Amino acid sequence: MFLNDKPYRDFSDYLSARFPYKVQKISINAGFTCPNRDGNKGRGGCTYCNNQSFSPGYGKPTKTITEQLADGIHFFSHKYPEMKYLAYFQSYTSTYDSLASLTGKYEEALAYPGVVGLIVGTRPDCMPAELLDYFEELSKKTFVLVEYGVESTLNKTLERVNRQHTYEESAEMIRKTAERNIPVGAHMILGLPGETEEDILHHAGKLSELPLTTLKLHQLQIIRSTAMAREYKLLPESFNLFTLEEYIDLCVRFAELLHPDIYIERFTSQSPSKLLIAPDWGFKNYEVREKVLKRFCEKETWQGRLYIR
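Residues numbered from 1 in each chain as written. Predicted model: local features only at pLDDT ≥ 70, side-chain atom pairs only at ≥ 80, totals over all residues. Heavy atoms only, no water.

## Points about the nonpolar core
Across soluble globular proteins, nonpolar side chains show a tendency to be buried alongside one another. Phe 89, Tyr 106, Leu 118, Phe 135, Leu 215 and Phe 254 are the most contacted members of the largest nonpolar core, which totals 65 residues. The leading source of residues in this core is helix H9 (residues 244-257), at eight residues. Excluding its chain neighbours within four sequence positions, the residues that come into contact with Phe 89 are Ile 28, Ala 30, Phe 32, Ile 65, Ser 94, Lys 105, Tyr 106, Ala 109, Leu 118, Ile 119, Val 120 and Gly 121. (Core = buried A, V, L, I, M, F, W, Y, C linked by side-chain atoms within 4.5 Å. Buried < 20%, exposed > 50% of the residue type's maximum accessible area, 1.4 Å probe, protein only. Helix = DSSP H or I, 4+ residues; strand = E, 2+ residues; numbered from the N terminus. Contact = heavy atoms within 4.5 Å.)

Below you can see the structure in the form of structure tokens.
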């Protein structure tokens, strides 16, 4: 068992070990775009992507970074007045700009009172060496976590959903980032079209070969106004959307195969109901997490139980 007798290594325990106080992520929309949208690599973006589905209400791109942090901190500070904050550059590709523009935005966030670090979400093909140099130096002074959208370890899947990068690019950039002693995370979507359950469980072994600090998992969601929504309408039989019970079992089986040192940040994500087409389980993220915990206990298992070095 891990800390607090949990059956998996929980990201909250990682933060507790790093900080002597509670910390909360504040999501920021800094007005970035994506090379898969602006024509640099492609147009239209990944087939599943509607950025509104994971951008909270207080992160409006019409507001400055400082204003967004003020809104977010105001939202959370009533419950925990002594809490500190991590500026989470979440929307689109948060390393896709000139170096001067990027560092200016990061520094603006770090200058805000109560902000004690950065989390930066990006693509593995959007981390130039000079920016990695910057993060390496910055991480010596403050907390920095870089999250890469990996999504799948199968190139046929990445091609189908129009990611415009390969799994090998993801693996290489994760290794390069970890070599700089920068904590590094990966984001995976479980259930992308064309993938079998065997394929999904195989991802756990592939990811376990990488020097990952954290991992985010979530179920495939069909979101309105996406290319995938149109594909789902035309060819629903090509999708295998999990029932809640199926997905809970899948999460436990996935974690059993995962390296026991990787911190799992989440198992699910719930898009706003106005955007979500399917699957609609009717439960909040924390409720699904509790069901996953219960299933671990029922099966008397834990993260890494079946991990093979």
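From this point, things continue past the structure.
## Some thoughts on the sheet that holds strand S3 (residues 115-122)
Spatially, the seven strands line up as an open sheet ordered S1-S2-S3-S4-S5-S6-S8, and their pairing is parallel. Edge positions in the open sheet fall to strand S1 (23-28) and strand S8 (263-266), since each of these has one partner strand only. Put simply, the sheet's adjacent strands are angled 25° from each other on average, direction ignored. Helix H4 (residues 129-138) contacts S3 and strand S4 (143-151) of the sheet and is inclined by roughly 140° relative to S4. Across the face of the sheet, helix H6 (residues 167-179) comes into contact with S4 and strand S5 (184-190) while running at roughly 170° to S4. (Pairing = 2+ DSSP bridges. Axes fitted to C-alpha atoms, helices over the stretch in contact; angles between N-to-C directions.)

## Re unusual backbone geometry
Of note, the amide linkage connecting Ala 278 to Pro 279 takes the cis form, showing an omega dihedral of -10°. Among the secondary structure elements, Pro 279 is positioned in the loop between strand S9 (276-278) and helix H10 (285-299). A positive phi angle, near 65°, is found at Gln 164, a position not held by glycine. For Gln 164, the position within the fold is in the loop between helix H5 (155-160) and H6. Even without being a glycine, Glu 300 presents a positive backbone phi close to 50°. With respect to the helices, strands and loops of the structure, Glu 300 is situated in the segment after H10. Look at Glu 300 and you get exposed, because its relative accessible area is 67%.

## Concerning the pairing of S4
Counted residue by residue, S4 has nine buried out of nine residues, so it is predominantly covered. Neither face of S4 is left uncovered, since the one carrying Phe 143, Leu 145, Glu 147, Gly 149 and Glu 151 and the one carrying Val 144, Val 146, Tyr 148 and Val 150 both have all their residues buried. Relative to S4, S3 runs parallel, the two sharing six bridges. Along S4, the bridge assignment pairs Ile 119 with Leu 145. Handedness of the crossover joining S3 and S4 through H4: right-handed. The pairing of S4 with S5 spans five bridges and is classified as parallel. Bridge pairing in S5 links Glu 147 to Gly 185. (Right-handed = clockwise from strand over helix to strand, strands pointing away.)

## What to know about the pattern of salt bridges
Counted under the stated rule, the structure contains 18 salt bridges. Of the charged contacts in the structure, one is a salt bridge between Lys 6 and Asp 13, with a shortest N-O distance of 3.9 Å. Accessibility assignment for this pair places Lys 6 and Asp 13 in one class, buried. Via salt bridges that share partners, Glu 245, Asp 249, Arg 295 and Glu 298 belong to a single interconnected network. (Salt bridge = Lys/Arg side-chain N within 4 Å of Asp/Glu carboxyl O.)

## What about helix H8 (residues 227-234)?
By the burial criterion, the buried members of H8 are Met 228, Ala 229 and Glu 231. Seen along its axis, H8 keeps its buried residues to an arc of 160°; they face one direction. In H8, the exposed residues that point more than 90 degrees away from the buried face are Arg 230, Lys 233 and Leu 234. Summarising the contacts, the buried residues of H8 are in contact with H5, strand S7 (222-223) and S9. (Arc of directions from axis to C-beta.)

## Some details on the pairing of S1
Of all six residues making up S1, five are buried, and the element is well covered by its neighbours. Strand direction decides the pairing type here: S1 and strand S2 (residues 84-89), joined by six bridges, are parallel. Within S2, the residue paired with Val 23 across the bridge is Lys 84.

## Regarding the confidence of the model for the protein chain
A low pLDDT score tells you not to read the predicted coordinates there in detail. In this model, the protein chain carries a mean pLDDT of 91, and residues with pLDDT of at least 70 account for 94%. Taken element by element, the protein chain is modelled with least confidence in helix H2 (residues 65-77), mean pLDDT 91, and with most confidence in H9, mean pLDDT 98. The model gives residues 53-60 a pLDDT under 50, and that stretch makes 20 contacts with residues more than four places away or in other chains. (pLDDT = per-residue confidence, 0-100.)

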